[in-house]
Amino acid sequence: MGRSYIVEEAVEGYLTKQCEQAGPVTGLLIGQSSTQREFVVTATRTPQRKESAAAAGNSLDKDWVTEHARQVSRMLPGGLSVLGVFIVADTDAKDTVTTLRQLVFAVENLISSERLWNPADDDVTDSVVLHVNPKTRKIFCRTFDVKDSKSVAKPADWKYQSGVCSSWITVSCCLSMDLLVPLPDNRTDTEDMDTCLKEGLKVWAHQLEGGVCLIDGKKLADDSELAGGQKRNVRQTYTAQLLITPEERRSTDVVQRCGGSVSVRGAIHSRAYLHSNKPKAKLAEKLLKRDMISTVATRAQILLEELLTSQEDKHQREQFCLPHRVFCPVKGSGPVCVCDYHFSDEGLSEVTDRLKEMLDIDVAKNDLDTRQETPAEVLERDAAAEPTVETIEVLEPKRNNYIGKTLFQCNAYKHPYNISTTANNHMDLLPPRYNIVSSC
């Protein structure tokens, strides 16, 4: 017997609307996986590519679909993920299975390449492909194990239901962090910093995954069931705290030659949604930690992508504001929200435009939840106070890059979040190269 997909009724209406469009329509199915069944919360079509001539005839532009999936996955908080793809086309369903199989494997490979958290043994690895005939409205649903290169199509049950996530549980957390990542001596551009930052975040992610999670101030057993999950239309919320102690290291293990550093410090707002089918504390902890890791990595990546498009040689400390997180409710989906990342020099209309383009959501500015994180402020430093290169006796560049043994605790209040990068050779005396700032 194949997997069972419980689908929000609004998705049926959305797919019916796509049947009225000219030509084949592709898109993504978004929801949450569990060991027993899948929950599909919403669907979104792949936006039209401006260079429409690039996709000749009715052929699928796989690169465009997979890039759309990558962008959408960044906008999903904990508990939501891209479950698979759909296509609305009047071709025979069996003729498209091979193409859809290649597509879901490509989507999974690209999305997983950006993940910094480690997969768990109980993770569901099936992805769904859905074919809808616009004339007959007949649905063809199959799944593939995207972690098995030899996987074959398996039948799946597709059922529509109202209020799929009306009683889902929300777990939220505000996490403090202070991370130092060394940059190599020969780092010369943003791409080098991107690689180093990713490696440093992997170390931090590993520490975070081993942290102690408290839910409403208590350490619950992994198999403890969160109360309120079975009550329909009752929105249960929990506040979590995460305590992290960095691994013990000898200072001699981490002394290395470096040309600078990336400093990540401050706090982030994290949130996860849990299905109402007897959710366990272990699942809440896993989804919340993954969201913490993903949102930090996403913000850093977005900023670095911006810097790559405007590459300049910078010799003095400079500050950049990282985007803060903005939430948007998925209408008709209970407490569930998606998110976007808003730079301080942008208007909220740019957020609503991205939500429309990426997730096909019509939303007004007043619908956006901007209260969870506060935009960063760039702090100007007195240039005269910064020592210059010429005034320093340059010794053998060494730095102890050991992250101090500090207890990190997630608190349920808002305070500034920032990422700053600095360059230093000897004992932090040389003027910093970069300083990136964000907020929560």
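In what follows, the structure referred to is the one given above.
Residues numbered from 1 in each chain as written. Predicted model: local features only at pLDDT ≥ 70, side-chain atom pairs only at ≥ 80, totals over all residues. Heavy atoms only, no water.

(A) Quick peek at the overall build of the protein. A count of helices and strands for the protein gives 7 helices and 20 strands. Taken over 440 residues, the protein has a buried fraction of 51%. Intrachain contacts of the protein at a sequence separation of at least 6 include 78% that bridge at least 24 residues. Surface exposure of the protein reaches about 21,000 Å², of which carbon and sulfur atoms provide 48%. (Helix = DSSP H or I, 4+ residues; strand = E, 2+ residues; numbered from the N terminus. Buried < 20%, exposed > 50% of the residue type's maximum accessible area, 1.4 Å probe, protein only. Contact = heavy atoms within 4.5 Å. Areas by Shrake-Rupley, 256 points an atom, 1.4 Å probe, with all protein chains shown as cover.)

(B) How the structure looks around the pattern of salt bridges. Applying the stated criterion across every chain yields a total of 24 salt bridges. Among the ionic pairs, Arg 74 bridges to Glu 114, the shortest N-O distance being 3.2 Å. Linking Arg 74 in helix H2 (residues 62-74) with Glu 114 in the loop between helix H3 (93-112) and strand S5 (126-132), this pair joins segments that are 40 residues apart in sequence. Among the residues examined, Glu 114 registers a relative accessible area of 28% and is labelled partly exposed. The shortest N-O distance in the salt bridge between Glu 108 and Arg 115 comes to 3.1 Å. Connected through shared salt-bridge partners, Glu 67, Arg 70, Arg 74, Glu 114 and Glu 305 make up one network. (Salt bridge = Lys/Arg side-chain N within 4 Å of Asp/Glu carboxyl O.)

(C) Region of interest: the side chain of Arg 325. You can see Arg 325 is positioned in strand S15 (residues 324-329). In this structure Arg 325 touches Pro 77, His 269, Ser 270, Arg 271, Asp 291, Thr 295, Arg 299, Cys 339, Asp 340, Tyr 341, Asp 369 and Glu 373, once residues within four positions along its chain are discounted.

(D) Inspection of the packing of aromatic side chains at higher detail. According to the stated counting rule, one finds 3 aromatic pairs in the structure shown. Each ring, one from Phe 39 and one from Trp 168, has its centre 6.0 Å from the other, and the planes form 85°; the classification is edge-to-face. Pair noted here: Phe 39 is in strand S3 (residues 38-45) and Trp 168 is in the loop between strand S8 (157-161) and strand S9 (169-183), with a separation of 129 residues, a long-range link. Across the pair, Trp 168 and Phe 39 agree in class, each one buried. An angle of 90° between the planes, with centres 6.2 Å apart, marks the rings of Trp 158 and Tyr 160 as edge-to-face. Judged by its relative accessible area of 12%, Trp 158 falls in the buried class. Connected via pairs of aromatic rings, a cluster forms that spans Tyr 5, Trp 158 and Tyr 160. (Phe/Tyr/Trp six-rings, centres within 6.5 Å; stacked < 30°, edge-to-face > 60°.)

(E) Structural context of the environment of Gly 210. Here Gly 210 shows up in the loop between helix H4 (190-209) and strand S10 (212-215). Since its relative accessible area comes to 59%, Gly 210 is described here as exposed. Residues Gly 210 and Leu 242 lie 32 residues apart in sequence; the distance between their C-alpha atoms is 9.9 Å.

(F) Inspection of the sheet that holds strand S1 (residues 4-8) at higher detail. Pairing is mixed across the open sheet formed by 8 strands, whose spatial order is S7-S6-S5-S4-S2-S3-S1-S8. The strands lining the two open edges of the sheet, one partner per strand, are strand S7 (154-155) and S8. Sheet topology note: the strand S6 (residues 139-145)/S7 ladder contains 2 bridges and is antiparallel. For Arg 142, the partnering residue across the bridge sits in S7 and is Pro 155. Against the sheet, H2 engages strand S2 (25-33), S3 and strand S4 (81-88), with an angle of about 35° to S2. (Pairing = 2+ DSSP bridges. Axes fitted to C-alpha atoms, helices over the stretch in contact; angles between N-to-C directions.)

(G) Inspection of the nonpolar core at higher detail. Val 72, Val 85, Trp 168, Val 336, Val 338, Leu 355 and Leu 359 are the most contacted members of the largest nonpolar core, which totals 51 residues. Counting 41 residues, the second largest nonpolar core, distinct from the first, contains Met 193, Leu 201, Ile 215 and Leu 288. (Core = buried A, V, L, I, M, F, W, Y, C linked by side-chain atoms within 4.5 Å.)

(H) The arrangement of a negative patch on the surface in detail. Together, Glu 306, Asp 345, Glu 350, Asp 353 and Glu 357 give the surface a local cluster of negative charge. Secondary-structure assignment places Glu 350 in helix H7 (residues 348-359). Glu 350 sits in the partly exposed class, given a relative accessible area of 34%. (Patch = residues over 30% accessible without salt bridge, like charges linked within 9 Å, V, L, I, M, F, W, Y side chains within 5 Å. Lys, Arg positive; Asp, Glu negative; His and termini not counted. Charge placed at Lys NZ, Arg CZ, Asp CG, Glu CD.)

(I) Summary view of H3. Across its 20 residues, H3 extends 28 Å between first and last C-alpha, which sits within 8% of the 28 Å expected from 1.5 Å per residue. Of all the bends found along H3, the most pronounced is centred on Thr 99 and spans about 30°. Listed in full, the buried residues belonging to H3 are Ala 93, Thr 96, Val 97, Leu 100, Leu 103, Val 104, Phe 105, Val 107, Glu 108 and Ile 111. Where H3 is buried, its residues meet H2, S4, S5 and S6. A side-chain oxygen of the first residue of H3 lies 3.0 Å from the backbone nitrogen of Lys 94; this N-cap is Asp 92. (Expected span 1.5 Å × (residues − 1). Bend = angle between axes of the 7 residues up to and from the residue. Polar contact = N/O pair within 3.5 Å; in protein donor to acceptor, adjacent residues only side chain to side chain.)

(J) Representation of helix H1 (residues 9-18) in the model. Among all positions in H1, only Val 11, Tyr 14, Leu 15 and Gln 18 are buried. End-on, the buried residues of H1 take up no more than an arc of 95°, which puts them together on one face. Next to the buried residues of H1 lie S1, S2, S3, S4, S5 and S8. (Arc of directions from axis to C-beta.)

(K) A look at the pairing of S3. The buried count for S3 comes to 8 of 8 residues, which makes it a mostly enclosed element. Both S1 and S3 contribute to a ladder of 3 bridges, which runs parallel. What sits directly across from Ile 6, in S3, is Phe 39. Pairing between S2 and S3: 7 bridges, direction antiparallel. The partner of Leu 29 across the bridge, within S3, is Ala 43. The turn linking S2 back onto S3 is made up of 4 residues.

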